[in-house]
Amino acid sequence: MSRPAGADRPVPRTYWVAGTAVLLALLFAAAATVAAANGDGSADPGPSAGTAAPRTPGLRSPDAGFARDMAVHHQQAVEMSFIVRDRTQDEAVRTLAYDIANTQANQRGMLLGWLDLWGLPKVVAGEPPMSWMGASGGHGGHAGHGADGGAAKPGALMPGMATREELDQLGAASGRDAEVLFLQLMTDHHKGGVTMAEGCAQQCETPVEKALAQGMVDAQRSELTLMADMLRQRGAAPRG
């Protein structure tokens, strides 16, 4: 009895590495939602006489800026994942897309929930993307930063974000072409997401948010390795 095409692809081992990171991110997300309500990363602080109340992040703090920007960034990853699930029958790509959509939708809900807890808006009119990162946001070579290495102008794309035209191309592709384009776009997207999450891990002051940001860095780096393998199996490579 012949084996199905692609049965010898060495996906599973690498996939389980990324899958473990995704699972850990989801487990952390559930605990972090409760902890964020206390602002200090603890689920049940209990009485503590003489201890100052946790400081609520300001409107333009790295904590709030990261929550706003990453919520938008995650939303596009979810959108791309749902698009490719309808454009291919490849089980490895469809499973990866499902994991990305599930993880990032959960994390997006957390980020928006924190903004609600802090009494801060989810959108600030005229705020350039990545302004919370300051001058440090210009490194990494991703789209979305200004020419001077700082925040981009209002309306510009954040690091790694696909253009509307690229999303339309993904929606029009099918089979291997859709798989390759999705993996390339998501590779760019993850690289940009890692840059943003590293910025929060370094600059945010809310411990639970810093921890979530570092979890994003670890999980997305693992998925970058997986996607590079999947592209090689399809005779392609990341862009740029």
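Residues numbered from 1 in each chain as written. Predicted model: local features only at pLDDT ≥ 70, side-chain atom pairs only at ≥ 80, totals over all residues. Heavy atoms only, no water.

Let's talk about the overall build of the chain
When helices and strands are tallied, the chain shows 6 helices and 0 strands. The secondary structure elements of the chain, listed N-terminal to C-terminal, are α-α-α-α-α-α. Evaluated residue by residue, the chain yields a buried proportion of 48% over its 240 residues. For the chain, the share of sequence-separated contacts (at least 6 apart) that also reach a separation of at least 24 residues comes to 75%. Element-wise, carbon and sulfur atoms account for 56% of the exposed surface of the chain, whose accessible area totals about 11600 Å². (Helix = DSSP H or I, 4+ residues; strand = E, 2+ residues; numbered from the N terminus. Buried < 20%, exposed > 50% of the residue type's maximum accessible area, 1.4 Å probe, protein only. Contact = heavy atoms within 4.5 Å. Areas by Shrake-Rupley, 256 points an atom, 1.4 Å probe, with all protein chains shown as cover.)

Let's talk about the pattern of salt bridges
If you walk through the whole model with that rule in mind, you get 13 salt bridges. The shortest N-O distance in the salt bridge between Glu127 and Arg68 comes to 2.9 Å. With Glu127 in the loop between α3 (91-117) and α4 (164-172) and Arg68 in helix α2 (residues 62-85), this residue pair connects regions lying 59 residues apart in the sequence. Like Arg68, Glu127 is buried. In this structure, the salt-bridge partner of Glu179 is Arg234, at a minimum N-O distance of 2.8 Å. (Salt bridge = Lys/Arg side-chain N within 4 Å of Asp/Glu carboxyl O.)

Comments concerning the nonpolar core
Counting residues in hydrophobic clusters, the biggest one holds 51 residues, and the most contacted among them are Phe66, Met80, Leu96, Leu111 and Phe182. Among the secondary structure elements, those contributing two or more residues to this core are α2, α3, α4, α5 (175-203) and α6 (207-233). In terms of residue count, the dominant contributor to this core is α5 (11 residues). (Core = buried A, V, L, I, M, F, W, Y, C linked by side-chain atoms within 4.5 Å.)

Observations regarding α6
Compared with the 39 Å implied by 1.5 Å per residue over 27 residues, the 40 Å span of α6 between its first and last C-alpha is a close match. Just past α6, the residue Gly235 takes up positive phi, approximately 70 degrees. (Expected span 1.5 Å × (residues − 1).)

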